[in-house]
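# Report on the structure
Spelled out, the chains give:
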Amino acid sequence: MFNENELTFTQVKMLDEEGNIIGNPTITTSDEQLREMYEWMKKARILDQKLLRLQRQGRLGTYAPLSGQEAAQVGSAYALTKEDWVAPSYRDHAASMVHGLPLEQIISYSKGHLYGGKIPEGLRILPVQIIIAAQTLHATGIAYSSKYKGENSVAITYFGDGATSQGDFHEALNFASVFKLPVIFFCQNNQYAISVPLERQMASKTIAQKAVAYGMTGVQVDGNDILAVHEVTKEAIERARNGEGPTLIEAVTYRFGPHTTSDDPTRYRSEEEVKQWSQQKDPLIRLRKYLENKGLWDETKDNQLEESFNDELNELIDVIESKQIPTVDEAFDYVYENKHDLLVEQQEEAKRFLANGGGE
Amino acid sequence: MAQMTMIQAITDAMRVELKRDEKVLIFGEDVGKNGGVFRATEGLQAEFGEDRVFDTPLAESGIGGLAIGLATQGFRPIPEIQFFGFVYEVMDSIAGQMARYHFRTGGKFDMPIVVRSPFGGGVATPEMHADSLEGLMAQTPGLKVVIPSTPYDAKGLLISAIRDNDPVIFLEHMKLYRSFRQEVPEGEYTIELGKADVKREGKDISIITYGAMVHESLKAAEELEKEGYSAEVIDLRTVHPLDIETIVKSVEKTNRAIVVQEAQRQAGIAANVIAEINERAILSLEAPVLRVTAPDTVYPFAQAEPVWLPNYKDVIDTAKKVLTF
């Protein structure tokens, strides 16, 4: 008989909350890489806060903030090469940004622009996925392609703890392990699916252990420890490239803010809990302390980065806001490769309506 | 030319395309070694290899999602959903994902997927196998929905569907799989999607239909002929997008029409066809356009099928109501 109590999952940790290395881990990441990852995290935090403010000012649609989860996203995405594919959810802009998605694209998508989901050519990123866990299957399909074509690329898919309750998640893990595909299932366990806490989501002790049932490697990592996240992701990628199949990574983290701008998290989380995470376990502070201890970073550098990135963002937002909004008739062009007769007719009607001042 | 059943014509279409284009992949439940529960993929794995024609674990949503991932990589997947009654398991992949992908990505990604699936009543399947759910599909922008009624059409339409860059739901009526043979050309030929076919010309009434009901309608037309009525039978072949031109042209000629579908009456293809006729040709009509459909109950158990399903007698009855209006 199998007993869950016999399973032991040790959470991988490498950097403590004061920025000190824990024990004697094998580290393959250079300090220079860590500095660069810090910059990505900082930028992601600034972008996130900026987009939240824009939403509050009515200049952005509903937005799902990611603050608190930067280490999980940046640390993992930083381990990819540009040949690899990212299949993100709606809270994974930091991962997409590290993988090369232009800021303009992220902001346009959040503004509800018609072309917000049009990922620029050459970038191996799928459009943001809304349906929980659907992207895990798409990443599996991509990984099938990579294996079939004999390519060296892997696919990584991002999702949350809630997604692990979905059938698609389990189907994806099963398909990926049966076909032994080069895919990494990267779960950001931020402990709440909107308001529902993890213990209402599952009765198992960890998400990582679900890998056992599918005959694949499962890893639980401190999701706010970017060094550990980066190392375990690198290992998973290496296994995938070596033909050893998929890995499920559970990065334990926390979202500081609401689920989306329409959510009020005070209804389901205590102030102390939020404080504990946002003040003691902030992934940015942890890495910053590490870098400062090593003399690789300081207050001045931090302020400079903040200022220059804020300027960059403000300029970009000005450009985006001054652009003409596509009219609704353009939407007809993308339903099919070629419009059918009824769509042509309806598009003409929409054009006439707009020309006559409709939609004002 | 060979005489083929519809299932043979379908296999032949896939063989032609697997041979022509290495991006074509076939997968689903039991499609590999077993050749599919209806033998639609008979011999294809042996001929094209286990990487291109393969069994998946038993999970419809997974099959749909896999197809989407592969389509983003330039493949032309032909996933099989073993029975279309199981489509609810894969509705997100179909209606939520593949139907919208081209749109959501501003045209960056095509979804050249053909979801093949057997459906339809009259063959005493267990529950939840026989439903006509094309209306659900036709309601979804981004999908094309094709239903062949003959072996010849099935092959030409399937080849077109595989070559199409948009997702196509290709529904194969189980009753038609082996009910008759027809001459089917060898090699490749295509039949344009979105084009109806006049299966029988007539001048007194247009019977607009698709799938297995094409044959009930043709039989009805023969009977009506004996009573002096000349019925035109239009096989839609693609139920979305509709071939409005052919429908309207026919109605303008006959001035009377009925629409015949095997699906239940509520919110179906027939309702849509009638609405289009009303909007475009009402001044040509000498009588209201009526429908022949199954009733709005849940699909019944096999023993009730023969009574529940529409047949040529229902078609004759309804046609006469319109002819004598």
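If you're wondering where the values come from, they're calculated on a predicted model, not measured in any experiment. (Residues numbered from 1 in each chain as written. Chains lettered and ligands numbered in written order. Predicted model: local features only at pLDDT ≥ 70, side-chain atom pairs only at ≥ 80, totals over all residues. Heavy atoms only, no water.)

## Regarding the sheet that holds strand S7 (residues 247–252) of chain A
Pairing between the strands of a sheet is mediated by backbone hydrogen bonds and can be parallel or antiparallel. Residue and element names in this part refer to chain A. Across the sheet, which stays open at both edges, the five strands sit in the order S1-S2-S3-S7-S6 with parallel pairing between neighbours. Lying at the two open borders of the sheet, with one neighbouring strand each, are strand S1 (85–87) and strand S6 (217–222). On average, each strand axis in the sheet is inclined to that of its neighbour by 20°, with strand direction left out of account. Bridge count between strand S2 (residues 155–160) and strand S3 (residues 183–189): six bridges; the pairing is parallel. What sits directly across from Gly-160, in S3, is Gln-188. (Pairing = 2+ DSSP bridges. Helix = DSSP H or I, 4+ residues; strand = E, 2+ residues; numbered from the N terminus. Axes fitted to C-alpha atoms, helices over the stretch in contact; angles between N-to-C directions.)

## Observations concerning the UniProt feature "domain: Transketolase-like pyrimidine-binding" (unreviewed entry) in chain B
In the numbering used here, UniProt assigns the "domain: Transketolase-like pyrimidine-binding" (unreviewed entry) feature to residues 4–179 of chain B. Secondary structure content for residues 4–179 of chain B is 37% helix and 16% strand, and the end C-alpha separation is 11 Å. (UniProt positions renumbered as here; feature names shortened; annotations may be inferred.)

## Concerning unusual backbone geometry
With the exception of glycine, most residues fall at negative phi, and the peptide bonds are largely trans. Residue and element names in this part refer to chain B. The peptide bond linking His-240 to Pro-241 adopts the cis configuration, its omega dihedral lying at -5°. Relative to the assigned elements, Pro-241 resides in the loop between strand S12 (238–240) and helix H8 (244–254). Phi is positive for Asp-30, which is not a glycine, with a value near 65°. Within the fold, Asp-30 resides in the loop between strand S2 (24–28) and helix H2 (44–48). Given a relative accessible area of 35%, Asp-30 falls into the partly exposed group. Look at Ala-267: it is not a glycine, yet its phi comes out positive at around 50°. Topologically, Ala-267 is positioned in the loop between strand S13 (257–264) and helix H9 (269–281). Judged by its relative accessible area of 74%, Ala-267 is exposed. (Buried < 20%, exposed > 50% of the residue type's maximum accessible area, 1.4 Å probe, protein only.)

## Some points on the interface of chain B and chain A
At the junction of the two partners, chain B supplies 46 residues and chain A supplies 40 residues. Counting each side, the surface lost to burial between chain B and chain A is near 3,600 Å², with a carbon and sulfur contribution of 59%. Scanning the region where chain B abuts chain A turns up one salt bridge. The partner of Glu-345 of chain A in a salt bridge is Arg-280 of chain B, and the shortest N-O contact between them spans 2.7 Å. Our count for the contact surface shared by chain B and chain A stands at 18 residue pairs in polar contact (both at pLDDT 80 or more). If you list the elements that add at least two residues to the side of chain B that touches chain A, you get strand S3 (53–55), helix H3 (60–72), helix H4 (91–104) and H9 of chain B. For the side of chain B that touches chain A, the per-class residue count stands at 16 nonpolar, 16 polar and 14 charged. (Contact = heavy atoms within 4.5 Å. Buried area = accessible area lost by both parts, 1.4 Å probe. Salt bridge = Lys/Arg side-chain N within 4 Å of Asp/Glu carboxyl O. Polar contact = N/O pair within 3.5 Å; in protein donor to acceptor, adjacent residues only side chain to side chain. Nonpolar A, V, L, I, M, F, W, Y, C, P; charged D, E, K, R; others polar.)

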